[in-house]
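Given next are the chains, with one letter for each unit.
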Amino acid sequence: MSQIFYSPDDNTNTIDYQSIIEEIYKEVFPLTNSGKVADYIPELGKIDPSQLGIAIVTLDGKIYETGASRINFSIQSISKVFTLTLAMKFMQNTLWEKVGKEPSGNPFNSLVQLEYESGKPRNPFINAGAITIADCVNTHSENALDTIIQLMRNLSQNLSINFDPQVAQSEKEHGHRNAALAHFMKSFGQIDSSVDELLDIYYKHCSISMNCLDLAKAFSFLANHGINPETNETFLTKSQAKRINSLMLTCGMYDASGEFAYRVGIPGKSGVGGGITAIIPNLLSICVWSPGLDKYGNSLAGTMALELFTTKTGISIF
Ligand code: GLN
């Protein structure tokens, strides 16, 4: 019984998820034009911001969707959850010699802490941390990008998932900060791969294209102690899944993680493509997408949609 998060007299069986997400869609859609698309990656700057999609997948296999839930978008930093999954699998606890577990309190692409902290990134979700994680995946697999994409196809049960070469190229051409982070870490002896090879893997995994339904499915294993509820395949141990969820709660929204935990109350991961994917343990995974971002780089309408979701349903992890 210790696995049951909700008590038997909870109301989760009677929640009308479909009506709730449709209501949220109507309330939040006007906000889609208040955010700013991530034009520091020019290819993402071309996306029409007036789009909003929501998809929910429950652990008993029910799907609820509304709006642009089947439109593909650039998952960006949401991909860091999957690279972390692989690195944890490959390296177990030795991974934490390479990357920390603390919120950074700085923007996702900041360079300042790295110098004080001898090239060891604060956590796996800021860019420096994710580049380190990509290095770990690269040194433990024959073809890192292929390993990452296969994992995501497997988790979402969608074999058509791939990266978008135009977005990857756009990131590469404008990726001076990421290149600076990678070279700086290399100078501390933190990185084993060649910087160019590593950045290529990083840009390509950030530019993977998926929709809300794919991502909600792909996160289900984190709501289910590391086991994909659709296929019963084990991806991580129960303890490892707990640790990823803990890191998402504390670091998943960068320097707005505290605000997100306060407003929404569930672990999630955002990306500058405008997606946020989150989970409620033992119950469901949810993905929202709206490309307009707040000043921290998190989807503005998406955050509001998730806040309304936990408020209207009365379910969170607390
Ligand atoms: N690829 C993006 C970058 O490196 C990822 C950032 C994000 O989604 N927060 O800047």
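Data block above holds the structure.
Throughout what follows, the structure given in this document is the object of discussion. Here the structure is a predicted model, which means the values were calculated and not measured. (Residues numbered from 1 in each chain as written. Predicted model: local features only at pLDDT ≥ 70, side-chain atom pairs only at ≥ 80, totals over all residues. Heavy atoms only, no water.)

**A short note on the site of the ligand**
Okay, step 1: In the vicinity of the ligand, the residues found are Tyr 40, Gln 76, Ser 77, Phe 108, Asn 127, Glu 171, Asn 178, Tyr 202, Cys 206, Tyr 254, Gly 271 and Val 272.
Okay, step 2: Contact between the ligand and Asn 127: an oxygen atom at 3.1 Å from a side-chain N or O atom of the residue.
Okay, step 3: With respect to the ligand, the side chain of Tyr 202 contributes an N or O atom lying 2.8 Å from an oxygen atom.
Okay, step 4: Residues belonging to the shell around the ligand are distributed by class as follows: six nonpolar, five polar and one charged. (Near = heavy atom within 4 Å. Polar contact = N/O pair within 3.5 Å; in protein donor to acceptor, adjacent residues only side chain to side chain. Nonpolar A, V, L, I, M, F, W, Y, C, P; charged D, E, K, R; others polar.)

**So, the pairing of strand S1 (residues 53-58)**
Okay, step 1: Among the six residues of S1, six are classified as buried, and the element is accordingly described as predominantly covered.
Okay, step 2: Here S1 shows two buried faces, one formed by Gly 53, Ala 55 and Val 57 and the other by Ile 54, Ile 56 and Thr 58.
Okay, step 3: Inspection of the sheet shows S1 paired to strand S2 (residues 63-67) by five bridges, in the antiparallel sense. Bridge assignment links Val 57 to a residue of S2, and that residue is Ile 63.
Okay, step 4: Counting the residues in the hairpin turn of S1 and S2 gives four residues, including Gly 61, whose phi is positive at 90 degrees.
Okay, step 5: Relative to strand S8 (residues 284-289), S1 runs antiparallel, the two being bridged by six bridges. In the strand pairing of S8, Ile 56 is matched with Ile 286. (Buried < 20%, exposed > 50% of the residue type's maximum accessible area, 1.4 Å probe, protein only. Helix = DSSP H or I, 4+ residues; strand = E, 2+ residues; numbered from the N terminus. Pairing = 2+ DSSP bridges.)

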